[in-house]
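Given next are the chains, with one letter for each unit.
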Protein chains: 2
Amino acid sequence: MNPGRCAACRYLRRRCPPDCIFSPYFPPNNPQRFVSIHRIYGASNVAKLLQQIPSHLRTQAADSLYLEAQYRIEDPVYGCVGLISLLQQQIHDVERQLAMTQAEIAFRARHPQAVESNLLNNVGNPSFSNQASSWFM
Amino acid sequence: MNPGRCAACRYLRRRCPPDCIFSPYFPPNNPQRFVSIHRIYGASNVAKLLQQIPSHLRTQAADSLYLEAQYRIEDPVYGCVGLISLLQQQIHDVERQLAMTQAEIAFRARHPQAVESNLLNNVGNPSFSNQASSWFM
């Protein structure tokens with residue numbers, strides 16, 4: 001066994017040539033990295049993908065392929081599209097909260113007397129924020 | 001040619017069996033859908049992925065595989081991991097904006113006289129928001 005073979009060539013039980021397309025991105029000390037992407041994409045598809053990318057960007061490509069493969073192994077139905085949906089929902093929630101907070105500022109600017117007595121006690125109180133926002137929006 | 005063959009069997013130039021794993025998710029009227037996922041994952045890997053998923057979830061799996069394949073074709077280096085990074089940055093930006101707006105409310109609650117004269121003219125003015133937030137944070 002050649003100890004210098006990369007993780008891909010070890011897994012595929014073949015000689016690791018000096019110009020191996022996998023070698024720089026799949027070191028022998030991290031065999032799982034290749035196992036994951038081989039399981040989802042297959043070795044020949046990964047080789048084709050890497051070959052079509054300029055060499056200075058292949059590390060990033062191998063990293064992103066590995067990440068996507070990991071998501072797909074953890075969630076075979078949605079893969080990283082599940083994470084994208086979660087993040088989009090999170091953006092929607094924070095944007096909604098921001099709009100409500102901005103509406104609250106606008107409301108207080110227009111009704112300083114109405115809110116002054118409650119202001120110090122209610123800063124950060126969600127029910128007060130919701131009430132003020134609902135008046136304004 | 002059998003006009004009833006699915007897009008996958010047409011592309012692979014083979015008979016489309018009644019229990020074809022691709023047929024329900026790759027209709028003949030959308031050949032590009034199969035071409036994209038075949039290019040990134042390969043037909044046999046997609047078949048394996050679909051077979052390990054309960055049949056009532058395979059439509060979602062085929063959809064998410066197609067989406068990921070499209071992202072990878074459009075951005076061979078980062079694929080949909082590029083979109084995930086963008087969304088995470090967007091969440092960070094909106095959360096920062098929300099924290100600044102909440103700080104502005106707290107500041108105004110504690111200094112009603114100091115801001116009252118500027119309030120009506122400056123609602124929604126980013127430079128005023130930034131100034132008020134920087135005093136407080």
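In the block above lies the structure referred to throughout.
Quick caveat, the model's predicted, so the values are computed rather than measured.

**So, the nonpolar core**
- One finds Phe22(A) and Phe22(B) to be the most contacted residues of the largest nonpolar core, which totals 50 residues.
- Elements that contribute at least two residues to this core include exactly helix 1 (7-11), helix 2 (31-41), helix 3 (43-51) and helix 4 (58-74) of chain A together with helix 1 (7-11), helix 2 (31-41), helix 3 (43-51) and helix 4 (58-74) of chain B.
- Apart from the residues within four sequence positions on either side, Phe22(B) is in contact with Cys6(B), Ala8(B), Leu12(B), Arg14(B), Phe34(B), Ala43(B), Val46(B), Ala47(B) and Leu50(B).
- Counting residues in each nonpolar core, the second largest holds 10 residues, with Cys80(A), Leu83(A), Ile91(A) and Leu87(B) among its members.

**What about the interface of chain A and chain B?**
- Opposite the 46 residues of chain A that make contact, chain B presents 46 residues.
- Interface area, chain A with chain B, both sides summed: about 4,100 Å², of which 70% is carbon and sulfur.
- Between chain A and chain B we count 2 salt bridges in total.
- When the shortest N-O distance is used, the salt bridge between Arg72(B) and Glu68(A) registers 2.8 Å.
- Remark: the boundary between chain A and chain B carries 10 residue pairs in polar contact (both at pLDDT 80 or more).
- Broken down by secondary-structure element, the contributors of at least two residues to the side of chain A that touches chain B are helix 2, helix 3, helix 4, helix 5 (79-110) and helix 6 (112-122) of chain A.
- Considering each element in turn, the side of chain A that touches chain B owes the most residues, 21 residues, to helix 5 of chain A.
- For the side of chain A that touches chain B, the per-class residue count stands at 26 nonpolar, 12 polar and 8 charged.

**Description of the side chain of Thr101(B)**
- Checked against the element boundaries, Thr101(B) lands in helix 5 (residues 79-110).
- A polar contact is formed between the side chain of Thr101(B) and the backbone oxygen of Gln97(B), at a distance of 2.7 Å.
- Not counting residues within four places of it along the chain, the set of residues in contact with Thr101(B) comprises Leu98(A), Thr101(A), Gln102(A) and Ile105(A).

Scoring rules and cut-offs
- Residues numbered from 1 in each chain as written.
- Chains lettered and ligands numbered in written order.
- Predicted model: local features only at pLDDT ≥ 70, side-chain atom pairs only at ≥ 80, totals over all residues.
- Heavy atoms only, no water.
- Core = buried A, V, L, I, M, F, W, Y, C linked by side-chain atoms within 4.5 Å.
- Buried < 20%, exposed > 50% of the residue type's maximum accessible area, 1.4 Å probe, protein only.
- Helix = DSSP H or I, 4+ residues; strand = E, 2+ residues; numbered from the N terminus.
- Contact = heavy atoms within 4.5 Å.
- Buried area = accessible area lost by both parts, 1.4 Å probe.
- Salt bridge = Lys/Arg side-chain N within 4 Å of Asp/Glu carboxyl O.
- Polar contact = N/O pair within 3.5 Å; in protein donor to acceptor, adjacent residues only side chain to side chain.
- Nonpolar A, V, L, I, M, F, W, Y, C, P; charged D, E, K, R; others polar.

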